[in-house]
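Architecture and fold: a report
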Amino acid sequence: MRKYLSFALAAFLFAACASSARPVEQDGTDLWLAAGRPYETVLASVQTGIDPALPAEGFHIYDKDGKRFIQAGSEAGLRYGVYALQRAEALGQAGPGMDLQEKPFYDIRLLNHWDNLDDTVERGYAGLSMWEWTATEIPEARIRHYGELCASIGLNGSVLNNVNSNPLVLDAEHIARVAKIADILREYGIKTYLSIKWTSPIALSGLKSGDPLDPKVRQWWKDKAAEIYAAIPDFGGFLVKANSEGQAGPQDYGRTHADGANMLAEALAPYGGIVMWRAFVYAPTSPDRANQAVEEFLPLDGQFADNVIIQIKNGPVDFQPREPFSPLFGRLKKTKMMVEFQVTQEYLGFSNHLAFHGTTWEECLDSDTYRDGEGSTVAKMVTAIAGVANTGQDPNFCGYVFAQANWYAYGRLAWNPELSAEQIADEWVRQTFLKPEGMKDKAFEKKFVEPVKDILMASREAVVDYEMPLGLHHLFGGTHYGPAPWERLGRPDWTPAYYHKADSAGIGFDRTRDGSGNVDQYNEPLASTFNDLETCPENLLLWFHHLPWDYKLSSGKALWDEICLHYDQGIQTVEGFRKTWQELKPYVSPALWAETDRKLTIQASDARWWRDACVGYFQTFSGRPLPADVEPLRTPIDSLIYRSIQSDRLGMPQHDEAGDPIIMMPRRFRRP
Ligand code: GCV
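Residues numbered from 1 in each chain as written. Predicted model: local features only at pLDDT ≥ 70, side-chain atom pairs only at ≥ 80, totals over all residues. Heavy atoms only, no water.

Considering the overall build of the chain
If you tally the helices and strands in the chain, you get 19 helices and 16 strands. Here the C-alpha radius of gyration of the chain, 26 Å, is about what a compact globule of 672 residues would show, namely 26 Å. A total of 672 residues make up the chain; the buried ones form 59% of that total. The contacts of the chain with a sequence gap of at least 6 include a subset with a gap of at least 24, amounting to 70%. Of the roughly 25800 Å² of accessible surface on the chain, 52% is carried by carbon and sulfur atoms. Here the chain contributes 67 positively and 89 negatively charged side chains, and the mean placements of these two sets differ by 2 Å. (Helix = DSSP H or I, 4+ residues; strand = E, 2+ residues; numbered from the N terminus. Rg over C-alpha atoms; globule rule 2.2 N^0.38 Å. Buried < 20%, exposed > 50% of the residue type's maximum accessible area, 1.4 Å probe, protein only. Contact = heavy atoms within 4.5 Å. Areas by Shrake-Rupley, 256 points an atom, 1.4 Å probe, with all protein chains shown as cover. Lys, Arg positive; Asp, Glu negative; His and termini not counted. Charge placed at Lys NZ, Arg CZ, Asp CG, Glu CD.)

Structure below.
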């Protein structure tokens, strides 16, 4: 009886506590700076000084004689120190005796914006370009807000425009505009960079060629560099997508990537600028797209100038929900490398699905390439880092509140790649969501912070499960939002059939020594680990192996059953997120709660669409029934095959009021 009474009392107290807690109104426009004291207030509360003995961007926060000090190697370091203190305060880690000394792991920590001069954003899901290229004035207030957000997580560079570049970004009018943006960003320790189009000398000045060994072309780039640096003395340099996806490049003139990169490097070197040359290259004729970066870049190792860095996507194909790390990270020895992550969710449900990338990037950065023996992690092989931004004109910058977590996570990992995804998730939740009035710290922690953190930590694996589990990849339709495993028309390496290779015998891409040989682009022992079915990690199984439907996995279940179970698991995990979110309603601003509730409704419906399309389609090959313990398919494959989601003119997918995708027959199949 006594036990019952104390239980009842506890339940009553909890209910009273929950009901008396009043959520604080928030609209997501403060992002992760919501919970901290304003920057100026934090700055005014400390004694500051520059100490040249400290690393340039480093800082030291400490207490002495009852006062708090921040010493830093530079103004930029001081700014990072103030933001670090602000974060520590918000996290309850700034008590008396605080002593925190930090410096960034990488010198170059960039956001790459894929923003076009017409204000559209390639793979942008948060409105038009935040730079407002077509407006008369630059959007100063937004740029300042962006500068604060980047500085608060330690980012120090922005490439303003799309790698599919427009040559006009280098005309006098645009250089003047970029200079104005750079003047603002500089105040936040951020350098400005531009993506260039290889054919700029032809388009802007009528040169006959873009041959990097042609003296006229070389002089054109030298003159252009001089013009840019006259306007922007600390300009960072160029990002280049060349001989990739239809973009021109040095190979069009019989020259190599090294010839091209070095020509630009020579033009920028006198001013301290760099060239970031992308390794994202592949040809439609190759039997395995995953092999191509190593095939093209390994023979050039050691030929690149000192101020050239090869920018390599985390995986060998293209920002898929799960890929192994790119083998190039373990192969180049005499060439500088940087990793490129995708903050924007091109392949993970745009800004509709909750998918926290902290875990994705942690997995890549911690991967051992074995290049210089054990412990040669990707994080250690690269000297710089870039993330494709998820920003736009939306007042919350990212489309919705949980998408902001990826910008935050990217910045924190760029500053310190040894941080765990879990720590970053914890920090983000505490700084972003305000504790309801009248709620105790402990209750907030247990009732809100922990469950939200759990959602974040499980979210990426959920997407892998309901989109493409067990190493399946690139099962996308045209806009990269929904499933289209049936697609086999057009350029082969842009079609899902090229990647899943499903037939009546089985499924998966054979990249073993009997297949495309991709495994041997990895250093031992990884090459053999991936090659051998017994040791290949199950979450990459169908990336490296083509297997029969009845192949037995470690669970003892057949591959077909496991595929179905993973898709089902993805749906169930998202349903779990929805349930948790319902329970969290008393603690979150109504606006943020409703926004996320709608997104999770869409995500759950999309997850079923993915499962119906992929399981339904693969079933036409496997000919097997679904395992008894999974949810039955909602829509038969006949009603999904060849269909895709309706999108608006900016490519944003459309859902009905219930959150279900509006599926339609593509124009090519419709009657006139
Ligand atoms: C900017 C993928 C994307 C393209 C992108 C390309 C790249 O193919 O779908 O939108 O183009 O990668 O990274 O260059």
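Overview of helix 13 (residues 421–432)
End to end, helix 13 covers 16 Å across twelve residues, agreeing with the expected 16 Å (1.5 Å per residue, within 8%). A large share of helix 13 lies buried, amounting to nine of its twelve residues. Taken together, the buried positions of helix 13 are occupied by Ala421, Ile424, Ala425, Asp426, Glu427, Trp428, Val429, Gln431 and Thr432. As for helix 13, its buried residues are in contact with helix 3 (75–90), helix 10 (358–365), helix 12 (401–415) and helix 14 (441–467). (Expected span 1.5 Å × (residues − 1).)

Digging into the sheet that holds strand 11 (residues 336–342)
Paired through backbone hydrogen bonds, the strands of a sheet run either parallel or antiparallel to each other. Strand order around the closed barrel formed by eight strands is 5-6-7-8-9-10-11-12, with parallel pairing between neighbours. Between one strand axis and the next, the sheet turns through 25° on average, direction left out of account. Here strand 11 pairs with strand 12 (residues 384–388) via five bridges, running parallel. Looking at strand 12, one finds that valine 339 is bridged to isoleucine 385. (Pairing = 2+ DSSP bridges. Axes fitted to C-alpha atoms, helices over the stretch in contact; angles between N-to-C directions.)

Examining the site of the ligand
Around the ligand, 15 residues are found, and the nearest of them are Glu122, Lys241, Arg278, Lys313 and Glu346. At 2.4 Å from an oxygen atom of the ligand is found a side-chain nitrogen or oxygen belonging to glutamate 122. At 2.8 Å, a side-chain N or O of arginine 123 approaches an oxygen atom of the ligand. Alone, the ligand offers 340 Å² of accessible surface; in the complex the protein occludes 97% of this. Looking at the shell around the ligand residue by residue, the class counts come to four nonpolar, three polar and eight charged. (Near = heavy atom within 4 Å. Polar contact = N/O pair within 3.5 Å; in protein donor to acceptor, adjacent residues only side chain to side chain. Nonpolar A, V, L, I, M, F, W, Y, C, P; charged D, E, K, R; others polar.)

Some remarks on the side chain of threonine 335
Within the secondary structure layout, threonine 335 lies in the loop between strand 10 (308–313) and strand 11. At 2.5 Å, the side chain of threonine 335 and the side chain of aspartate 301 are in polar contact. Of note is the side chain of threonine 335, whose polar atom sits 3.2 Å from the backbone nitrogen of glycine 302. What threonine 335 contacts, discounting residues up to four positions off in sequence, is Leu300, Asp301, Gly302, Phe304 and Ile310.

Quick word on the packing of aromatic side chains
Scanning all chains against the criterion turns up 42 aromatic pairs. Between tyrosine 62 and phenylalanine 69, the aromatic rings sit 5.3 Å apart at their centres with planes inclined by 10°, giving stacked as the arrangement. With a centroid separation of 5.8 Å and an interplanar angle of 40°, the aromatic rings of phenylalanine 402 and phenylalanine 433 are classed as tilted. In this pair, phenylalanine 402 is assigned in helix 12 and phenylalanine 433 in the loop between helix 13 and helix 14, connecting sequence segments 31 residues apart. One exposure class covers both phenylalanine 402 and phenylalanine 433, and it is buried. Ring pairing ties together the aromatic residues Tyr400, Phe402, Trp428, Phe433, Phe444, Phe448 and Trp581, which thus form one cluster. The ring of tryptophan 494 has arginine 491 lying over it, and the distance from NZ or CZ to the ring centre is 4.4 Å. Its guanidinium or amino end placed over the ring of phenylalanine 509, lysine 501 lies 4.4 Å from that ring's centre, counting from NZ or CZ. (Phe/Tyr/Trp six-rings, centres within 6.5 Å; stacked < 30°, edge-to-face > 60°. Lys NZ or Arg CZ within 6 Å of the ring centre and 35° of its normal.)

Thoughts on the pairing of strand 12
Burial runs high along strand 12: five of the five residues are buried. Residue alternation in strand 12 divides its side chains into two sets, Ala384, Ala386 and Val388 and Ile385 and Gly387, and both sets are buried. Both strand 5 (residues 108–112) and strand 12 contribute to a ladder of five bridges, which runs parallel. Note on strand 12: the bridge partner recorded for isoleucine 108 is alanine 384.

Structural notes on the pattern of salt bridges
Within the structure shown, the criterion is met by 40 salt bridges. Here glutamate 450 ties to lysine 453 by a salt bridge, and the two come within 3.5 Å at their closest N and O atoms. Linking glutamate 450 with lysine 453, this pair stays in helix 14, spanning three residues, or about one helical turn. Taking the relative accessible area as the measure of exposure, lysine 453 reaches 8% and is therefore buried. (Salt bridge = Lys/Arg side-chain N within 4 Å of Asp/Glu carboxyl O.)

Some points on the sheet that holds strand 4 (residues 99–102)
One open sheet holds the four strands; their spatial order is 1-3-2-4, and the pairing between them is mixed. Looking at the sheet topology across the chains shown, the edges are occupied by strand 1 (47–50) and strand 4. Ignoring strand direction, the axes of neighbouring strands in this sheet form an average angle of 20°. Looking at chain direction, strand 2 (residues 59–64) and strand 4 are connected through four bridges and run antiparallel. For phenylalanine 59, the partnering residue across the bridge sits in strand 4 and is glutamate 102.

Section: the environment of alanine 141
Relative to the helices and strands, alanine 141 is located in helix 4 (residues 140–152). Under the relative-accessibility criterion, alanine 141 is labelled exposed at 62%.

With respect to the state of the cysteines
Counted by the stated rule, this structure contains zero disulfides. Here cysteine 364 is not cross-linked by a disulfide; its sulfur's nearest cysteine counterpart is in cysteine 536, at 17 Å. Cysteine 614 provides the cysteine sulfur closest to cysteine 564, a residue in no disulfide bond, and the two sulfurs are 11 Å apart. By relative accessible area, which is 3% here, cysteine 564 ends up buried. (Disulfide = S-S within 2.5 Å.)

Observations concerning helix 4
For helix 4, which comprises 13 residues, the first-to-last C-alpha distance of 18 Å matches the rise-based estimate of 18 Å (1.5 Å per residue) to within 8%. Of the positions making up helix 4, those classed as buried are Arg142, Ile143, Tyr146, Gly147, Leu149, Cys150, Ala151 and Ser152. As for helix 4, its buried residues are in contact with helix 3, strand 5, strand 6 (157–159), helix 5 (172–186) and helix 12. Positive phi shows up at glycine 154, right after helix 4, with a value of about 90°.

Section: the confidence of the model for the chain
Taken residue by residue, the chain gives an average pLDDT of 96. The fraction at 70 or more is 96%. When the criterion is pLDDT under 50, residues 1–17 qualifies, and its contacts beyond four places in sequence or with other chains add up to three contacts. (pLDDT = per-residue confidence, 0-100.)

Observations regarding the pairing of strand 2
Sheet topology places strand 2 next to strand 3 (residues 67–72); six bridges connect them, and they run antiparallel. Its bridge partner being in strand 3, lysine 64 is matched across the sheet by lysine 67. Hairpin connection of strand 2 to strand 3: two residues between the antiparallel strands, including aspartate 65 at a positive phi of 50°.

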